[in-house]
Amino acid sequence: MIRVVLPGHLRALARVSAEVQIDVKGPVTQRSVLDALEAQYPMLRGTIRDHVTHERRPFLRFFACEEDYSLEPPDAPLPESVASGAEPLLIIGAIAGG
Amino acid sequence: MSGVRVLVGTRKGAFVLTSDGKRQRWDVSGPHFAGWEIYHLKGSPVDPHRLYASQCSGWFGQIIQRSDDGGKTWTQPGTPPGERTTPEGMPKGESNKFVYDTSSGTGKPLTTHQWYDGTQHPWEFKRVWHLEPSPTNPDTVYAGVEDAGLFRSTDGGQNWQELAGLRGHGTGPKWQPGAGGMCLHTVILDPSNPQRIYIAISAAGAFRTDDGGKTWRPINKGLHSQYIPDPNAEIGHCVHHVAIHRSRPNVLFMQKHWDVMRSDNAGDSWHEVSGNLPTDFGFVIDVHAHEPETIYVVPIKSDGEHFPPDGKLRVYRSRAGGNEWEALTKGLPQDNCYVNVLRDAMAVDSLDKCGVYFGTTGGQVYASADAGDSWTPIVQHLPGVLSVEVQTLP
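Conventions we followed
- Residues numbered from 1 in each chain as written.
- Chains lettered and ligands numbered in written order.
- Predicted model: local features only at pLDDT ≥ 70, side-chain atom pairs only at ≥ 80, totals over all residues.
- Helix = DSSP H or I, 4+ residues; strand = E, 2+ residues; numbered from the N terminus.
- Rg over C-alpha atoms; globule rule 2.2 N^0.38 Å.
- Contact = placed C-beta atoms within 7 Å.
- Buried ≥ 20, exposed ≤ 12 C-beta atoms within 10 Å, placed from the backbone.
- Core = buried A, V, L, I, M, F, W, Y, C linked by C-beta atoms within 7 Å.
- Pairing = 2+ DSSP bridges.
- Axes fitted to C-alpha atoms, helices over the stretch in contact; angles between N-to-C directions.
- pLDDT = per-residue confidence, 0-100.

**Some points on the overall build of chain B**
Piece 1. Helices and strands together make up the secondary structure of chain B, namely one helix and 29 strands.
Piece 2. Its C-alpha atoms give chain B a radius of gyration of 20 Å, within 12% of the compact-globule value 21 Å for 394 residues.
Piece 3. With the C-alpha coordinates aligned to their principal axes, the bounding extent of chain B is approximately 60 × 50 × 40 Å.
Piece 4. Taking the intrachain contacts of chain B between residues at least 6 apart in sequence as the baseline, contacts between residues at least 24 apart amount to 50%.

Rendered as structure tokens:
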């Protein structure tokens with residue numbers, strides 16, 4: 001199981017309380033994790049990446065194992081500790097006021 | 001006894017204010033969607049339990065919410081609580097997907113518009129400013145969006161299709177964003193003619209279709225805007241809001257950036273009716289529910305100073321369809337008031353006497369149960385109010 005931690009507003013939107021766990025078939029990448037996340041929680045479609053281009057929304061970043069993976073190619077493998085479920089993938093909103 | 005439900009969109013959530021027909025005691029529910037910008041929410045004229053809401057965020061984009069119980073509970077259309085995907089594993093909901101139509105069959109592919117610096121800029125979807133439910137079908141609803149475009153759903157908000165003839169009709173490259181973005185903020189469905197729709201865009205102007213949205217034409221003749229290179233141009237006017245009385249859909253009232261305007265021929269031509277207003281800059285304009293010649297505005301000092309003149313919050317009412325205005329001040333703050341009233345933040349109910357409501361950027365929602373003669377705050381400390389709509393309940 002892959003663990004994903006969502007920002008607070010998206011937890012409310014998906015009606016989940018803490019981190020979510022999802023099944024990912026095949027290589028564990030940003031794209032495969034987000035595909036699986038959106039399939040399990042379709043209300044999140046368009047909130048993390050664009051509906052059409054699937055580009056990451058500009059005020060969101062992806063972290064894992066204290067590293068920033070936001071600018072990595074979407075099909076690049078995520079760390080083994082994320083793939084094994086030892087560490088979560090963190091989806092974090094920019095600190096931009098509000 | 002009949003009652004009213006006031007739907008308030010704010011910068012940090014939605015609030016639903018309800019009262020009986022006396023409109024003296026109010027129940028307040030909310031915040032719904034706490035922490036999100038709620039640009040607009042509005043109820044279906046044919047099913048008062050059916051509400052649509054535009055929820056958005058600079059971080060997470062656009063969400064459409066729907067309630068089928070008058071705002072008690074909400075869902076994203078097509079994605080009921082507890083249900084996830086179809087048996088094929090595909091997401092059910094496409095309710096948040098607003099994609100500009102680039103198909104060749106609908107006239108024009110994705111075009112460009114004018115950017116602040118005069119260069120051309122591609123259309124980029126940002127948010128839904130206004131939701132306008134059909135007067136005949138609760139599952140049909142229109143969405144005016146930024147960057148300016150008009151979308152329609154015929155399945156209760158589950159899927160949205162652009163009426164691309166508007167954006168692609170030819171003048172699009174001359175449209176430009178106002179300070180709030182290039183927003184399509186006004187959608188008026190002619191109650192007597194289902195083929196006719198009026199819309200308005202900042203800063204492009206007003207447009208009309210007479211064929212259900214396939215083709216459009218600008219209706220800005222008579223508008224005069226000194227802040228654009230050609231003050232009498234066909235396109236480029238910063239229209240802030242337009243209102244009609246449903247008994248006379250050919251008579252339009254407009255609050256422009258500067259100037260209060262009137263058209264008696266469905267927008268074919270306009271004339272100014274600012275008359276004795278202390279300033280004719282402002283955002284809101286609305287029409288009394290039972291008196292088609294009685295209109296309301298809230299004058300704002302200037303485009304550079306978005307607050308009432310002299311720190312006095314005054315609604316102005318004309319009973320003559322413009323030109324002759326009276327200040328309505330009873331119950332409104334008359335000193336040190338520096339709030340604004342945004343373009344979609346005024347509405348009327350259809351009780352007798354007509355109720356008038358407006359919300360401020362300071363978080364107050366004022367109500368008048370006597371057509372504006374006196375005012376009382378329903379709530380005083382909400383987040384900044386973006387929109388106010390009213391439902392008159394049976």
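Next comes the rest of the account.
**Quick look at the overall build of chain A**
Piece 1. For chain A, the helix and strand inventory stands at three helices and five strands.
Piece 2. Radius of gyration (C-alpha) of chain A: 12 Å, near the 13 Å computed for a compact globule of 98 residues.
Piece 3. Taken across its 98 residues, chain A has 33% of its residues classed as buried.

**Some thoughts on the nonpolar core**
Piece 1. If you look at the biggest cluster of nonpolar residues, it comprises 135 residues, and the most contacted ones within it are B:Tyr357 and B:Val365.
Piece 2. With residues up to four places along the chain from it excluded, the contact list for B:Val365 reads B:Val6, B:Val8, B:Leu17, B:Tyr357, B:Gly359, B:Pro377, B:Ile378, B:Val379, B:Leu382, B:Val385 and B:Val388.

**What to know about the pairing of strand β4 (residues 37-43) of chain B**
Residues and elements named next belong to chain B.
Piece 1. In terms of residue burial, β4 counts as a mostly covered element, since seven of its seven residues are buried.
Piece 2. Relative to strand β5 (residues 51-57), β4 runs antiparallel, the two being bridged by six bridges. By the bridge assignment for β5, Glu-37 is matched with Cys-56.

**Quick word on the pairing of strand β22 (residues 295-300) of chain B**
Residue and element names in this part refer to chain B.
Piece 1. Taking burial as the measure, the six residues of β22 include six buried ones, the bulk of the element.
Piece 2. Alternating positions in β22 separate into two faces, Ile-295, Val-297 and Pro-299 on one and Tyr-296, Val-298 and Ile-300 on the other, with burial throughout.
Piece 3. Note that strand β21 (residues 281-287) and β22 share five bridges and pair antiparallel. By the bridge assignment for β22, Val-287 is matched with Ile-295.
Piece 4. Pairing of β22 with strand β23 (residues 315-318), which is carried by three bridges, proceeds in the antiparallel orientation. Directly across from Tyr-296, in β23, lies its bridge partner Arg-317.

**Observations concerning the sheet that holds strand β17 (residues 239-245) of chain B**
All names here are of chain B.
Piece 1. The antiparallel open sheet is built from four strands, whose spatial order is β17-β18-β19-β20. Sheet topology places β17 and β20 (271-272) at the edges, where each strand pairs with a single neighbour.
Piece 2. By the bridge criterion, two bridges tie strand β19 (residues 260-263) to β20 in an arrangement that is antiparallel. Note on β20: the bridge partner recorded for Arg-262 is His-271.

**What about the sheet that holds strand β6 (residues 61-67) of chain B?**
Residues and elements named next belong to chain B.
Piece 1. Strand order in this open sheet of three strands is β4-β5-β6, and the pairing throughout is antiparallel. Edge positions in the sheet fall to β4 and β6, since each has one partner strand and no second. If you compare each strand with its neighbour and ignore which way they point, the axes differ by 15° on average.

**Things to note about the confidence of the model for chain B**
Residues and elements named next belong to chain B.
Piece 1. Summary statistics for chain B give a mean pLDDT of 93 and a share of 95% for residues scoring 70 or more.
Piece 2. Note that residues 86-91 has pLDDT below 50 and, in this model, eight contacts with residues that lie over four places away or in other chains.
Piece 3. Confidence estimates for the predicted assembly give a pTM of 0.94 and an ipTM of 0.86.

**Here we look at unusual backbone geometry**
All names here are of chain B.
Piece 1. Residue Asp-147 follows Glu-146 across a cis peptide bond; omega there is -5°.
Piece 2. In this structure, Asp-147 sits in the loop between β10 (141-146) and β11 (149-153).
Piece 3. Asp-352 connects to Lys-353 through a cis peptide bond whose omega is 10°.
Piece 4. Note on placement: Lys-353 falls in the loop between β25 (346-348) and β26 (356-359).
Piece 5. The backbone phi angle of Asn-323 is positive, close to 75°, even though this residue is not glycine.

**Side note on the environment of B:Asp230**
Residues and elements named next belong to chain B.
Piece 1. By the element assignment, Asp-230 lies in the loop between β16 (217-218) and β17.
Piece 2. Judged by the 9 C-beta atoms lying within 10 Å of it, Asp-230 is exposed.
Piece 3. For the pair Asp-230 and Met-261, spaced 31 residues apart in the sequence, the C-alpha separation amounts to 18 Å.

**Focus: the environment of B:Trp270**
Residue and element names in this part refer to chain B.
Piece 1. Relative to the helices and strands, Trp-270 is located in the loop between β19 and β20.
Piece 2. Look at Trp-270 and you get buried, because 24 C-beta atoms sit within 10 Å.
Piece 3. The spacing of Trp-270 and Phe-253 is 17 residues in sequence and 9.1 Å in space, taken between C-alpha atoms.
Piece 4. Not counting residues within four places of it along the chain, the set of residues in contact with Trp-270 comprises Lys-221, Gly-222, Leu-223, Met-254, Met-261, Arg-262 and Ser-263.

**What to know about helix α2 (residues 30-40) of chain A**
Piece 1. A:Gln30, A:Ser32, A:Val33, A:Leu34, A:Leu37 and A:Glu38 are the residues of α2(A) that are buried.
Piece 2. Buried positions along α2(A) lie against β1 (2-5), β2 (20-22), β3 (60-64) and β5 (89-93) of chain A.

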